[in-house]
Amino acid sequence: MFHLSTALPSREDILKAVEQYGYVPIEPPVGIDLFAEIERLKREKNAVLLAHYYQDADIQDIADFIGDSLGLSQKAAETDADIIVFAGVHFMAETAKILNPTKKVLIPDLNAGCSLSDSCPPEAFAAFKAKYPDHKVVSYINTSAAIKAMSDVIVTSSNAVPIVQALPKEWKLIFAPDKNLGMYVMRKTGREMILWDGVCMVHTIFSYQKVRAMRAQYPDAELIAHPECEPAILEEADFIGSTTALLNYVTRSPKRRFIVATESGILHQMRKAAPDKELIQAPAEYSCNCNTCPHMKLNTLEKIYNALLYEAPEVTLSPELIRAARLPIERMLEMSRELGLVSKG
Ligand code: 13P
Ligand code: SF4
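The structure displayed is predicted, hence computed values, not measured ones.

## Digging into the overall build of the protein chain
Item 1. Helix and strand counts for the protein chain come out as 16 helices and 12 strands.
Item 2. Against the 2.2 N^0.38 benchmark of 20 Å for 345 residues, the protein chain shows a C-alpha radius of gyration of 20 Å, consistent with a compact globule.
Item 3. Projected onto its principal axes, the C-alpha coordinates of the protein chain cover approximately 60 × 50 × 35 Å.
Item 4. Long-range contacts, defined here as pairs at least 24 residues apart, represent 66% of the contacts in the protein chain between residues at least 6 apart.

## Thoughts on the nonpolar core
Item 1. In this structure, L49, L50, V85, F86 and A261 are the most contacted members of the largest nonpolar core, which totals 96 residues.
Item 2. No other element matches helix 5 (residues 90-99), which puts 6 residues into this core.
Item 3. Setting aside residues no more than four positions away along its own chain, L49 makes contact with K42, I62, A63, D64, V85, A87 and I304.

## Quick word on the site of ligand 1
Item 1. In the neighbourhood of ligand 1, the contacting residues comprise D68, S69, C114, N142, T156, S157, S158, C200, E228, S242 and T243.
Item 2. Residue composition of the shell around ligand 1, grouped by class: 2 nonpolar, 7 polar and 2 charged.

## Comments concerning the site of ligand 2
Item 1. Around ligand 2, 13 residues are found, and the nearest of them are C114, L116, C200, V202 and C293.
Item 2. Along the lines of polarity and charge, the residues of the shell around ligand 2 split into 8 nonpolar, 4 polar and 1 charged.

## Observations concerning the pairing of strand 3 (residues 83-87)
Item 1. Along strand 3, 5 of the 5 residues are buried, which leaves the element largely enclosed by surrounding structure.
Item 2. Burial of the side chains of strand 3 extends over both faces: I83, V85 and A87 are buried on one face and I84 and F86 on the other.
Item 3. Sheet analysis places strand 1 (residues 47-52) next to strand 3, joined by 5 bridges and oriented parallel. Across the sheet, residue A47 finds its bridge partner in strand 3, namely I83.
Item 4. When strand 3 meets strand 4 (residues 104-106), the two strands line up parallel, connected through 3 bridges. Pairing of I84 across the sheet is with V105, part of strand 4.

## Describing helix 16 (residues 319-338)
Item 1. The end-to-end C-alpha distance of helix 16 is 28 Å, a good match for the 28 Å that 20 residues give at a rise of 1.5 Å each.
Item 2. If you look at helix 16, its biggest bend is around 30°, right at R326, and the proline P328 turns up within four residues after that.
Item 3. Of all the positions in helix 16, only A325, P328, I329, M332 and S336 are classed as buried.
Item 4. Its buried side turned inward, helix 16 meets helix 4 (69-78), helix 5, strand 5 (135-140), helix 8 (145-149), strand 6 (153-155) and helix 9 (160-166).
Item 5. One or two positions beyond helix 16, positive phi appears at G340, with a value near 70°.

## Regarding the sheet that holds strand 2 (residues 65-67)
Item 1. Pairing is parallel across the open sheet formed by 4 strands, whose spatial order is 2-1-3-4. Two strands lie at the open edges of the sheet, namely strand 2 and strand 4, each paired on one side alone. Strand after strand, the sheet turns through a mean of 20° between neighbouring axes, direction not considered.
Item 2. Taken strand by strand, helix 5 contacts strand 1, strand 3 and strand 4, and its axis lies near 160° from that of strand 3.

## Some remarks on the environment of L195
Item 1. Residue position: L195 is located in strand 8 (residues 193-195).
Item 2. Judged by local crowding, L195 falls into the partly exposed class, with 19 C-beta atoms found within 10 Å.
Item 3. Sequence separation between L195 and P177 is 18 residues; the distance between their C-alpha atoms is 7.3 Å.
Item 4. When residues no more than four places from it in sequence are discounted, the contact partners of L195 are F175, K179, G182 and M183.

## Description of unusual backbone geometry
Item 1. The step from A176 to P177 runs through a cis peptide bond, and the omega angle for that step is -5°.
Item 2. Residue A312 is joined to P313 through a cis peptide bond whose omega torsion reads -5°.
Item 3. Along the chain, P313 turns up in the loop between helix 15 (301-310) and helix 16.
Item 4. With a phi angle near 45°, N46 is a residue other than glycine that sits in the positive phi range.
Item 5. Given 11 C-beta atoms within 10 Å, N46 falls into the exposed group.
Item 6. Residues other than glycine seldom take positive phi values, yet E311 does so here, at roughly 50°.

## Focus: the packing of helix 4 against helix 16
For any two helices packed against each other, one specifies the inter-axial angle together with the distance between the axes.
Item 1. Between helix 4 and helix 16, whose axes approach to 11 Å, the crossing angle comes to 100°. Between helix 4 and helix 16, the crossing angle belongs to the class labelled roughly perpendicular. Taken together, the residues of helix 16 that come into contact with helix 4 (itself represented by L70, S73, Q74 and A77) are I329, L333 and S336.
Item 2. Residues belonging to the contact of helix 4 with helix 16 are distributed by class as follows: 4 nonpolar, 3 polar and no charged.

Here is what the cut-offs are and how they apply
Residues numbered from 1 in each chain as written. Chains lettered and ligands numbered in written order. Predicted model: local features only at pLDDT ≥ 70, side-chain atom pairs only at ≥ 80, totals over all residues. Helix = DSSP H or I, 4+ residues; strand = E, 2+ residues; numbered from the N terminus. Rg over C-alpha atoms; globule rule 2.2 N^0.38 Å. Contact = placed C-beta atoms within 7 Å. Core = buried A, V, L, I, M, F, W, Y, C linked by C-beta atoms within 7 Å. Buried ≥ 20, exposed ≤ 12 C-beta atoms within 10 Å, placed from the backbone. Near = placed C-beta within 6 Å. Nonpolar A, V, L, I, M, F, W, Y, C, P; charged D, E, K, R; others polar. Pairing = 2+ DSSP bridges. Expected span 1.5 Å × (residues − 1). Bend = angle between axes of the 7 residues up to and from the residue. Axes fitted to C-alpha atoms, helices over the stretch in contact; angles between N-to-C directions. Parallel < 35°, antiparallel > 145°, perpendicular 65-115°, else oblique.

Next up, the structure:
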């Protein structure tokens, strides 16, 4: 993983290495306390570290704010830090940059993409959208800036249902890119939408048969699921919600045992908030660790330390793209405020 010598690399060497590897490939000095060093760098540089719940536990523990996609974008919109380090995936860091064009936004590893976002390439989506010229576009935040720029309003898993419900009834809608979330929103709102055919590789890995067998084994357990899961799992679920909503549900529910159908990183906060509850990961189709998002897990404490120290990799976008992608994100933030939807991490 580490390829560059620590002996004072030039700025040019660092940028070249980032271009080649997607992160700063320098091994931090042996024996340093990464937690203390990251804290020191954050203070010295007036930097804030935002982390998604799907990050490894050590990253969650050192973050200034942990949240779901809505909470993180609300936090990014209001920060007065000079530097934002985004421990999440690329579309999240891009969203932070779009909301803060004059700030430096760093991502520990540029390779941290998202299978769902990748399932919706801009050229193909432009052609799809052109087939429905009288439709407005509602896009899930898990999309590239280019897709956001083609959208009328952005949603997250926390606010998709109330936002779609609040859109003018005469609007015909396209929903992209997650078809499972799209179907869930259609069911909850009763609104027809044209769906882009995309899914998340992590949330579609759960096995309906194995989940049913697990429920038979633990009849007292509640099944809780993220709306990116397949319809069969959602129909079976006792509660459906965004990462923050699932965390809050476990904390508040009088039940003691939960089968959790989402990415495994959230279990860390659930265990912290409700140490007396038993959390069982929903079983995947294959014997694998596939309810772990491989993109999210590319970030490490070492890469965060390097990102802060060398101020790279940086997320950059053209001013035109920022301008176009900002409007639908701001519409989401404004509608969320009006609807009283504040996602607290
Ligand atoms: P939320 O953060 O809205 O729960 O979405 C989960 C997710 O898959 C992020 O990529
Ligand atoms: Fe993308 Fe799914 Fe990973 Fe979220 S969990 S970042 S939607 S691949």
